[in-house]
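Tertiary structure, described
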Amino acid sequence: MARPRFTGSFTQQLPIPEEGIAAAVAVMRSGRLHRYNTGVGEESEAMALEREYASWQGARFCLAVASGGQAMQIALRAAGVKAGDAVLTNAFTLAPVPGAISGVGAKPVLVEITEDLVIDLADLEAKAKLSGARYFLLSHMRGHLCDMEALTALGAKLHLTVIEDCAHTMGATWNGRRSGSFGHAGCFSTQTYKHLNSGEGGLLTSDDAEFIARATILSGSYMLYERHGAGPDAATYSDIRLDTPNMSARMDNLRAAVLRPQLRAIEADIDAWNARHDLVAEKLAASPAIRVPHRPAAEHYVGSSIQFLLPGISSEAARKLMAYLADVGVEVKWFGANLPVGFTSDHHSWRYIGQQKLPRTDEILAGLFDMRLPLTFSLDDCALIADHILDAVAVVYPEDRA
Ligand SMILES: *Cc1c(COP(=O)(O)O)cnc(C)c1O
């Protein structure tokens, strides 16, 4: 074959900016890695990150925590979810989402998705009524935003408390409003493969003072809750500090130090991701066999990954496609596989939540392919990857349709 094999790594992120490395070294030299290890009136790296993130996100409050999964678990608990409660969530999401719901002893109720990979609002309404759920953990899986005005109106009508999982939408907006600011709270991850990288880490935002006070105590603030960069005033804590358990899920100063310079550069990174994403999307969309999910004009996404569908593809053809792409060095994930691989699992492999019937989602996942687009890829890399996918589809897919 004339086309060269692709040799880049789909899991290679950019290095930490030198400024972040220097700040991390300074924290290590000080020996004061714990976020509350500060002198009087001194601002720790964790406090500064909370202040800067709240300001950038446009939220009143921000709490830095140990992971995105912990941000969601703390948010559910702080919002009042109790053991045994039903919590609605997307049937297509990543394992930490049903994990967070199960972590608070609640029961995930999975809602169908549409072929644009967003929540199906009709099924949301039906499942809310059927289950009596009062909570909805909305996962903007792979960065696809549903119609956020319609969702907000439906949530109000159904009396749902909406918590947004923004692991893939940090920096995305709907009609100019940031993802994470529509629901009661926004949950973000700073795990290596997300839009900011501190290895592990999470951020929780909200405009509700009592909610964030409960979350802060839950995160393990002891009685040091005043040492926060974007928290409510001390009076908010007068009962909450005595009524709320400490679940130790703090972020440390080392991670915060690494994150702050990345946050300052995030808008440029988003533009770089979208240039890569849009180049691949445009090339793939030219193939009549491939369906690229529709992106509404109201949505300003962050294209840190790309999804495409081969509707109706057989398992056999999908496996051939995967084998072809692996051969040419293109690491694509297929959500229709029987067994979970790497980071990818679907609701069939979450046996702890019980089997739920999701025929529409299953049909979509059977033909859904997904690929990361790290910023270490050049635009030429992206063009080569897209051409390999087009070749692979041309070789494999027509057989299936014949
Ligand atoms: C990564 C991710 C999270 C949070 O992950 P952590 O590894 O716990 O930070 C939540 N939701 C989705 C959809 C994710 O991909």
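Since this is a predicted model, take the numbers as computed values, not measurements.

1. Structural notes on the layout of surface pockets
- Of the voids in this model, the largest pocket is the one considered here, and its volume is about 410 Å³.
- Among the secondary structure elements, those contributing two or more residues to the lining of the largest pocket are strand S12 (333-334) and helix H12 (359-366).
- A per-element tally of the lining of the largest pocket places H12 first, with three residues.
- Per-class residue counts for the lining of the largest pocket are eleven nonpolar, eight polar and five charged.

2. Things to note about the nonpolar core
- Tyr53, Leu88, Phe136, Leu138, Leu151, Met170 and Leu203 are the most contacted members of the largest nonpolar core, which has 45 residues in total.
- Tallying contributions element by element places helix H2 (residues 45-57) first for this core, with five residues.
- Summarising the domain contributions, this core has at least three residues from each of domain 1 (18-264) and domain 2 (266-401).
- Counting residues in each nonpolar core, the second largest holds 33 residues, with Phe10, Ile290, Ile306 and Tyr324 among its members.

3. Some words on the UniProt feature "active site" (unreviewed entry) in the protein
- When the UniProt feature table is mapped onto this chain numbering, "active site" (unreviewed entry) sits at Lys194.
- Within the element layout of this structure, Lys194 appears in the loop between strand S8 (185-189) and strand S9 (202-206).
- The contact partners of Lys194, leaving out residues within four places of it in the chain, are Gln13, Ala167, His168, Ser189 and Trp273.

4. Some words on the site of the ligand
- In the vicinity of the ligand there are 16 residues, among which Gly68, Gly69, His168, Ser189 and Lys194 approach most closely.
- Asp165 has a polar side-chain atom sitting 2.8 Å from a nitrogen atom of the ligand.
- Its free accessible area being 380 Å², the ligand has 93% of it covered by the protein chains.
- Residues that form the shell around the ligand fall into these classes: six nonpolar, eight polar and two charged.

5. Topic: the pattern of salt bridges
- A complete count under the given rule lists 19 salt bridges for this structure.
- Asp120 is paired through a salt bridge with Arg360; the nearest N and O atoms lie 2.8 Å apart. With Asp120 in the loop between strand S3 (107-111) and helix H5 (121-131) and Arg360 in helix H12, the pair connects residues that are 240 residues apart, well separated along the chain.
- A relative accessible area of 12% places Asp120 in the buried class.

6. Focus: empty space enclosed by the protein
- As enumerated under the stated definition, the model contains one cavity of 30 Å³ or more in all.
- As for the largest cavity, its lining consists of Gln70, Gln73, Ile74, Arg77, Leu218 and Met247.
- A breakdown of the residues in the lining of the largest cavity according to their chemical character gives three nonpolar, two polar and one charged.

7. Quick notes on the domain arrangement of the protein
- By the assigned domains, the protein splits into domain 1 (18-264) and domain 2 (266-401).
- The partner domain 2 presents 36 residues to the 41 residues of domain 1 that form the contact.
- Across the domain 1 to domain 2 interface the summed buried area is about 3,200 Å²; carbon plus sulfur atoms make up 57%.
- On the surface where domain 1 and domain 2 come into contact, there are five salt bridges.
- With a closest N to O distance of 2.9 Å, Arg291 and Asp116 form a salt bridge.
- Those elements that provide at least two residues to the side of domain 1 that touches domain 2 are helix H4 (96-103), S3, strand S6 (173-174) and helix H9 (253-264).
- Residue contributions to the side of domain 1 that touches domain 2 peak at four residues, all from S3.
- Of the residues that constitute the side of domain 1 that touches domain 2, the class distribution is 20 nonpolar, twelve polar and nine charged.

8. Notes on the side chain of Thr216
- Within the secondary structure layout, Thr216 lies in helix H7 (residues 209-218).
- Other than its neighbours up to four places away in sequence, Thr216 contacts Leu63, Ser221, Tyr225, His228 and Tyr237.

The rules behind the values
- Residues numbered from 1 in each chain as written.
- Predicted model: local features only at pLDDT ≥ 70, side-chain atom pairs only at ≥ 80, totals over all residues.
- Heavy atoms only, no water.
- 1 Å grid on protein atoms, 1.4 Å probe; cavity = no way out; pocket = protein on both sides within 12 Å on 5 of 7 lines; lining within 4 Å.
- Points joined across faces, edges and corners; volume = space filled by probe spheres on them.
- Helix = DSSP H or I, 4+ residues; strand = E, 2+ residues; numbered from the N terminus.
- Nonpolar A, V, L, I, M, F, W, Y, C, P; charged D, E, K, R; others polar.
- Core = buried A, V, L, I, M, F, W, Y, C linked by side-chain atoms within 4.5 Å.
- Buried < 20%, exposed > 50% of the residue type's maximum accessible area, 1.4 Å probe, protein only.
- Domains from an automatic or database assignment.
- UniProt positions renumbered as here; feature names shortened; annotations may be inferred.
- Contact = heavy atoms within 4.5 Å.
- Near = heavy atom within 4 Å.
- Polar contact = N/O pair within 3.5 Å; in protein donor to acceptor, adjacent residues only side chain to side chain.
- Areas by Shrake-Rupley, 256 points an atom, 1.4 Å probe, with all protein chains shown as cover.
- Salt bridge = Lys/Arg side-chain N within 4 Å of Asp/Glu carboxyl O.
- Buried area = accessible area lost by both parts, 1.4 Å probe.

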